[in-house]
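Coordinate inspection notes
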Amino acid sequence: MTATTTNRRLRTEIPGPASRALQQRRASAVAAGLSSVLPVYITSASGGLLTDADGNTLIDLGSGIAVTNVGHSVPAVVDRVREQAGAFTHTCFMVTPYAGYVEVCEALAELTPGDHEKRSALFNSGAEAVENAVKIARVATGRQAVVVFDHAYHGRTNLTMALTAKSVPYKHGFGPFAPEVYRVAGSYPFRDVPGLTGEQAAADAVGKIEKQIGADTVAAVVIEPIQGEGGFIEPAPGFLPALARWCADNGVVFVADEVQTGFCRTGDWFASDHEGVVPDLVATAKGIAAGLPLAAVTGRAELLDAVPTGGLGGTYSGNPIACAAALGAIETMRTENLAAAARRIGDTVLPRLRALATETGVIGDVRGRGAMLAAEFVEPGTTNPDAALAQRVAAACHAAGVIVLTCGTYGNVVRLLPPLSLPAELLDEGLTVLAEAIRQEATR
Ligand code: PMP
């Protein structure tokens, strides 16, 4: 049993000798196409700290890409997982069902935006959820076209690669891609024409859809309410509501990809809640089950029920252990009010990042909501992306035992996705390390 550690503690350089030895073994066993942000090999995690094979303890400001929102191995999840694994691990919901699946769908109906009649279907990954949302929208509308946005990320399956914007590394060489996918500009306040409102950006998108695709051929508009991998891009106020209204007026299914933004991450249960947007379908994954593979499509009963019996499913989809984990995670989010915890994290982080932007001149934009926060690095006095600086800042944090991630179409965004339960002292310490890294690398 590893003793519980409550502090960042570096015993070796990062990565240390044990991690480096594993990295060497990995090179001859694991496909080169899989990358790791920081090749320290983790042996345990708790309370916002990861412990590696060398006994180093690192502050986790990434949550395994917005997954362990409730924290690592919290009792409500672990106990339910243990109990479920002891009872049975799999029957296949399509063969002989079990209550956990139904309970997760009931919880999703309650928690997702809107009080209309809802149904859910469970899957294994975010990509699978988004792909199934498109399947459902196509069957329900009898239309084929799907509209997505610049900077979008929706996954790595063939259809979701087509929906994703960035070529390298996600798409390059992997074509041909699925047809009937159309991309339009969204809303990126830092890089749009200054003063462009959300309503105007939506009108531009709608104009392009109507002229170049034809409203009556569009099955779905698929959008991340805050774009994740594309750079933590929060659209201008009014953009999402205007788009949702246009969809409703034109019989187009509005699909919110809340895979990264969902489950209290942005300070609401879902990012769509912020402006009162009620999506027709919501795709979720990541934070739903604290790391066990689970994903869902939740939405209007008439849409999900339009798919004939047998049209949705999968061997592992809605696995009973993953459902048990989801029920534990959701219970934790409720009892610990993790949406409020996320807002407190934002209230702490945003002013500090803004002060660093003023002090150093290398951060062009600080943005985000709740515990989904980012700094976009630029050449001082310009909006020219400085990806090299963002990468150096991340590397300096890693060397000091703080896990931050980068993202962005231009690779110049450092993003923070701490567990929502991260103790205030660890958040403070992580931010101090980040600030030092920015100061040090900005002047290099
Ligand atoms: N949609 C969004 C918004 C995501 O951030 C991700 C993962 N980063 C996905 C879809 C794909 O999820 P998964 O990796 O679980 O397939």
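Residues numbered from 1 in each chain as written. Predicted model: local features only at pLDDT ≥ 70, side-chain atom pairs only at ≥ 80, totals over all residues. Heavy atoms only, no water.

For the pair helix α3 (residues 75-87) and helix α10 (residues 320-335), interaxial distance at closest approach is 8 Å and the crossing angle is 155°. One way to sum up the angle between α3 and α10 is to call them roughly antiparallel. Handedness of the α3/α10 crossing: right-handed. In this structure, α3 contributes A76, V77, R80, V81, Q84 and A85 to the contact, and α10 contributes P320, I321, A324, A325, L327, G328, A329, E331 and T332. Of the residues assigned to the contact of α3 with α10, the class counts are 10 nonpolar, 3 polar and 2 charged. (Axes fitted to C-alpha atoms, helices over the stretch in contact; angles between N-to-C directions. Helix = DSSP H or I, 4+ residues; strand = E, 2+ residues; numbered from the N terminus. Parallel < 35°, antiparallel > 145°, perpendicular 65-115°, else oblique. Left-handed = near helix turned anticlockwise from the far one by under 90°. Contact = heavy atoms within 4.5 Å. Nonpolar A, V, L, I, M, F, W, Y, C, P; charged D, E, K, R; others polar.)

Read across the open sheet, the 4 strands follow the order β1-β2-β3-β13; overall the sheet is mixed. Each edge of the open sheet carries a strand with a single partner, namely β1 (42-46) and β13 (402-403). Bridging between strand β3 (residues 57-60) and β13 involves 2 bridges; their strand directions are parallel. Its bridge partner lying in β13, D60 is registered against I403. (Pairing = 2+ DSSP bridges.)

As a further point, take the domain arrangement of the protein chain. The assigned domain composition of the protein chain is domain 1 (17-73 + 338-442) and domain 2 (75-335). The distance between the C-alpha centroids of domain 1 and domain 2 comes to 25 Å. Contact residues are listed per partner, giving 39 residues for domain 1 and 35 residues for domain 2. The largest contributions to the domain 1 side of the interface with domain 2 come from V70, R369 and M372, which together make up 27% of the buried area. Put simply, domain 1 and domain 2 have 3 salt bridges between them. Of the charged contacts, one joins E229 and R415 as a salt bridge, the two residues approaching to 2.9 Å between their closest N and O atoms. The interface formed by domain 1 and domain 2 includes 23 residue pairs in polar contact (both at pLDDT 80 or more). Mapped onto the side of domain 1 that touches domain 2, the elements with two or more residues apiece are α2 (63-66), α11 (338-360), β11 (363-369), β12 (372-377) and β15 (413-416). (Domains from an automatic or database assignment. Buried area = accessible area lost by both parts, 1.4 Å probe. Salt bridge = Lys/Arg side-chain N within 4 Å of Asp/Glu carboxyl O. Polar contact = N/O pair within 3.5 Å; in protein donor to acceptor, adjacent residues only side chain to side chain.)

Here we come to the site of the ligand. The full set of residues close to the ligand is S125, G126, A127, Y153, H154, G155, E224, E229, D257, V259, Q260 and K286. Within the backbone of Y153, a nitrogen or oxygen atom sits 3.5 Å from a nitrogen atom of the ligand. One of the side-chain nitrogen or oxygen atoms of D257 is found 2.7 Å away from a nitrogen atom of the ligand. Partitioned by chemical class, the residues of the shell around the ligand number 3 nonpolar, 5 polar and 4 charged. (Near = heavy atom within 4 Å.)

This paragraph deals with unusual backbone geometry. Keep in mind that most residues, glycine aside, have a negative phi and that most peptide bonds are trans. Omega for the peptide link from I14 to P15 comes to -10°, which places this bond in the cis form. With respect to the element layout, P15 can be found in the segment before α1 (17-27). Look at C92: it is not a glycine, yet its phi comes out positive at around 80°. Tracing the chain through its elements places C92 in the loop between α3 and α4 (99-111). When its relative accessible area of 7% is taken as the criterion, C92 is described as buried. Positive phi outside glycine occurs at F263, with the angle close to 55°. Structurally, the position occupied by F263 is in the loop between β8 (253-257) and β9 (281-284). (Buried < 20%, exposed > 50% of the residue type's maximum accessible area, 1.4 Å probe, protein only.)

What follows is about the sheet that holds strand β14 (residues 405-407). Pairing in this open sheet of 4 strands is antiparallel, and the strands run β11-β12-β15-β14 from one edge to the other. Edge positions in the sheet fall to β11 and β14, since each has one partner strand and no second. Going from strand to strand, the sheet's axes swing by 25° on average, the running direction of each strand aside. Sheet topology note: the β11/β12 ladder contains 6 bridges and is antiparallel. Along β12, the bridge assignment pairs V366 with A375.

This part covers the nonpolar core. Judged by nonpolar contacts, the single largest core of 70 residues is most densely connected at L122, L294, I363, F377 and L434. Per element, the largest residue contribution to this core is 10 residues, and it comes from α11. Shared between two domains, this core takes at least three residues from each, and those domains are domain 1 (17-73 + 338-442) and domain 2 (75-335). Contacts of L122, omitting those with residues within four sequence positions, involve Y101, V104, C105, L108, L294, A295, A296, S317, G318 and C323. Residues L159, L163, A295 and L304 belong to the second largest nonpolar core, which totals 28 residues. (Core = buried A, V, L, I, M, F, W, Y, C linked by side-chain atoms within 4.5 Å.)

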